[in-house]
Amino acid sequence: MARGYTRMVFDLGRIEALLDLLGNPQRAYPTVHLTGTNGKTSTARMVDSLLRAHGLRVGRYTSPHLSSVRERISIEGEPVSEERFVDIYREVQPVASYVDSEAEEPLTYFDLTTALAFAAFADAPVDVGVVEVGLGGVDDSTNVIQARTCVITPIGLDHTEWLGDTLEDIALAKVGIVHKGATLICATQPPEAMEPILRHCAEVGATIAREGQEFGVLGRSLAVGGQVLTLQGLSGVYEGIHLPLHGGHQAQNAALALATVEAFLGAGSSRALDASVVQEGFAGVTSPGRLERVRSAPAILLDAAHNPAGVAALVTALGEEFDFRRLVAVLAVLEDKDVRGMLDRLEPAVDAVVVTRNTSPRAMPAAELANLAVDVFGEDRVHAVTDLPDAIERAVALAEEDIELGLGGVGVLVTGSVVTVADARKLLVR
């Protein structure tokens, strides 16, 4: 059955029926549940790495994937093998077909990958699951786990057609993952998002720890290949943390991840985590497609920013941590995004933009994107190229134009969507 990669049906009844018939594998281990608009996957990867440094066997479920669906289901830091994926699919698929036959709407692609992840984790078995919401929170397929430890990363306006067009509506959808008695680790939020989060936590008797109050980034300095952080955790101050990722937004994600692991492991005012284990956990973090350098001379960076807040964080990191004399962006976006907001934030950071399209059926045509970009950048700085491989080639030529040989300092940035980055990685990462 074609489940439709992008089809969305917000009804937990079908996945609950499927998991019931599978013996509720999601109840075989405790979980950490993450939602938010930006930073979910990077934060999930940090939580995973920190928990593994503490000797726990971790299953991590994130989305979307870059090259293989197996990336969504990671055990001990590695995607499940093809053989294991096929085995789990063969166990789940007949049960899924039965659920489909009994329901008005078939299970979605995301329903099925979620069930596969929960089954794979139970089968492994893992000590803990780290589970990222697909979209929103309260009606998301993952919201069957009722996790004791929850995370909300920064909230912004995205997916407004599904979640509502105010920050309050979006925050209400996301805070729905916080169930009775849970602990919520919450990033700094705009006041209109924070108010419904606090109200919901009071209603369900959840404990909340807020960035900037109970935890946060105390200091950061640039280092080769990343940054060195001083973090205030729930249980004390942790110094000398090398994080091999770029940008203040990744430092914020690190503070969230640290507080999350402290809460999960029961660390608090009376007991801190071992600082050397925390350092080891952060040192091993990777986050593909997040300001990832995939080529040198010229430098080619990939970043999955796909909304105005993501582009703003990207631009700040570029200004702080990279010294480009000339930078050309390759941009391909999805039609349902705030493209004008993204262009406005990108414009000051790049010398020119090559607009193109990615392989998503929801991709904005290059000509349409070019028209929007000309309004922001002016005609001379916008180049439209239909295919991504040719767009990257054009961007490299533009970056190296009029630059004296041997001086360096030129770069190409590929951004606008996770799909854009996935397509570029297939071309550029060996």
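Everything below is about the structure printed above this text.
The structure reproduced in this document is the subject of the present report. (Residues numbered from 1 in each chain as written. Predicted model: local features only at pLDDT ≥ 70, side-chain atom pairs only at ≥ 80, totals over all residues. Heavy atoms only, no water.)

1. Digging into the overall build of the protein
Step number 1: Looking only at helices and strands, the protein features 14 helices and 17 strands.
Step number 2: Relative to the globule expectation of 22 Å for 430 residues, the C-alpha radius of gyration of the protein, 21 Å, shows essentially globular dimensions.
Step number 3: Projecting the C-alpha coordinates of the protein onto the three principal axes gives extents of approximately 65 × 55 × 45 Å.
Step number 4: A total of 430 residues make up the protein; the buried ones form 54% of that total.
Step number 5: Of the contacts made within the protein by residues no fewer than 6 positions apart, 72% connect residues no fewer than 24 positions apart.
Step number 6: For the protein, the exposed area adds up to about 17,500 Å²; of that, 49% sits on carbon and sulfur atoms.
Step number 7: Once the 35 positive and 58 negative side-chain charges of the protein are each reduced to a mean point, those two points are 3 Å apart. (Helix = DSSP H or I, 4+ residues; strand = E, 2+ residues; numbered from the N terminus. Rg over C-alpha atoms; globule rule 2.2 N^0.38 Å. Buried < 20%, exposed > 50% of the residue type's maximum accessible area, 1.4 Å probe, protein only. Contact = heavy atoms within 4.5 Å. Areas by Shrake-Rupley, 256 points an atom, 1.4 Å probe, with all protein chains shown as cover. Lys, Arg positive; Asp, Glu negative; His and termini not counted. Charge placed at Lys NZ, Arg CZ, Asp CG, Glu CD.)

2. Quick look at the sheet that holds strand E1 (residues 31-35)
Two orientations exist for strands paired in a sheet by backbone hydrogen bonds: parallel and antiparallel.
Step number 1: Sheet architecture is open: 8 strands sit in the order E4-E3-E2-E5-E1-E6-E7-E8, paired in mixed fashion. Each having just a single partner strand, strand E4 (78-79) and strand E8 (207-210) make up the two edges of the open sheet.
Step number 2: The pairing of strand E7 (residues 183-186) with E8 spans 4 bridges and is classified as parallel. Bridging from a neighbouring strand, Thr183 pairs with Thr207 of E8.
Step number 3: Across the sheet, helix H4 (residues 109-123) is in contact with strand E2 (58-61), strand E3 (73-75) and strand E5 (128-132); its angle to E3 comes to roughly 15°. (Pairing = 2+ DSSP bridges. Axes fitted to C-alpha atoms, helices over the stretch in contact; angles between N-to-C directions.)

3. Remarks on helix H2 (residues 40-53)
Step number 1: Look at H2: 20 Å from first C-alpha to last across 14 residues, which is about the 20 Å you get at 1.5 Å a residue.
Step number 2: Across the 14 residues that make up H2, a large majority, 13, are buried. (Expected span 1.5 Å × (residues − 1).)

4. Considering the packing of aromatic side chains
Step number 1: Scanning the entire structure with this criterion turns up 3 aromatic pairs.
Step number 2: The interplanar angle of 35° and the centroid separation of 5.7 Å between the aromatic rings of Tyr61 and Phe110 together place this pair among those described as tilted. Of this pair, Tyr61 sits in strand E2 while Phe110 sits in helix H4, placing them 49 residues apart in sequence.
Step number 3: Given a relative accessible area of 17%, Phe110 falls into the buried group. (Phe/Tyr/Trp six-rings, centres within 6.5 Å; stacked < 30°, edge-to-face > 60°.)

5. Some remarks on the side chain of Thr356
Step number 1: Among the structural elements, Thr356 can be located in the loop between strand E15 (352-355) and helix H12 (366-377).
Step number 2: Side-chain polar atoms of Thr356 contact the backbone oxygen of Val385, separated by 2.8 Å.
Step number 3: Setting aside chain neighbours within four positions, we find Thr356 in contact with Val330, Leu331, Ala332, Met364, Ala366, Leu369, Val385, Thr386, Asp387, Leu388 and Ala391. (Polar contact = N/O pair within 3.5 Å; in protein donor to acceptor, adjacent residues only side chain to side chain.)

6. Description of the nonpolar core
Step number 1: Membership of the largest hydrophobic core comes to 49 residues, with the highest contact counts inside it found for Leu18, Ile73, Val178, Leu184 and Ile197.
Step number 2: Broken down by secondary-structure element, the contributors of at least two residues to this core are helix H1 (12-21), E3, helix H3 (82-102), H4, strand E6 (149-152), helix H6 (167-174), E7 and helix H7 (191-204).
Step number 3: Per-element accounting of this core gives the leading share, 9 residues, to H4.
Step number 4: Beyond its immediate sequence surroundings of up to four residues, Leu18 is in contact with Val92, Val95, Ala96, Val99, Leu107, Leu112 and Ala115. (Core = buried A, V, L, I, M, F, W, Y, C linked by side-chain atoms within 4.5 Å.)

7. A look at the sheet that holds strand E14 (residues 326-331)
Step number 1: Overall, mixed pairing links the 6 strands, which are arranged E12-E13-E17-E14-E15-E16 in an open sheet. Whereas interior strands pair on both sides, the edge strands pair on one side only; in this sheet they are strand E12 (292-295) and strand E16 (382-384). Adjacent strand axes in the sheet meet at a mean angle of 25° when their direction is disregarded.
Step number 2: Contacting strand E13 (299-302), E14, E15, E16 and strand E17 (410-415), helix H13 (residues 388-400) crosses the sheet at an angle of about 165° to E14.
Step number 3: Running at roughly 140° to E13, helix H14 (residues 418-428) makes contact with E12, E13 and E17 of the sheet.

8. Quick word on the packing of helix H10 (residues 308-321) against helix H11 (residues 339-346)
Step number 1: Running from N to C, H10 and H11 point in directions that differ by 10°, and their axes come no closer than 8 Å. Overall, the two elements H10 and H11 adopt an arrangement that is roughly parallel. Contacts between H10 and H11 involve Pro308, Val311, Ala312 and Val315 on the former and, on the latter, Gly341, Met342, Arg345 and Leu346.
Step number 2: Tallied by class, the residues present in the contact of H10 with H11 amount to 6 nonpolar, 1 polar and 1 charged. (Parallel < 35°, antiparallel > 145°, perpendicular 65-115°, else oblique. Nonpolar A, V, L, I, M, F, W, Y, C, P; charged D, E, K, R; others polar.)

9. Topic: the pairing of E13
Step number 1: Where burial is concerned, the two faces of E13 agree: the one with Ala299 and Leu301 and the one with Ile300 and Leu302 are both buried.
Step number 2: Bridging between E12 and E13 involves 3 bridges; their strand directions are antiparallel. Paired with Arg295 across the strands is Ile300, a residue of E13.
Step number 3: Taken together, the 4 bridges between E13 and E17 define a ladder with parallel strand orientation. Considered in E17, the bridge of Leu302 is made with Val414.

10. What to know about unusual backbone geometry
Step number 1: With an omega of -10°, the peptide bond between Ser63 and Pro64 qualifies as cis.
Step number 2: A cis amide bond links Ala297 with the next residue in sequence, Pro298, at an omega value of -5°.
Step number 3: By secondary structure assignment, the location of Pro298 is in the loop between E12 and E13.
Step number 4: Backbone geometry at Leu291 places phi at a positive 45°, although glycine is not the residue there.
Step number 5: Despite not being glycine, Ala297 has its phi angle at roughly 55°, a positive value.
Step number 6: Positionally, Ala297 belongs in the loop between E12 and E13.
Step number 7: Taking relative accessible area as the criterion, Ala297 reaches 73% and is therefore assigned exposed.

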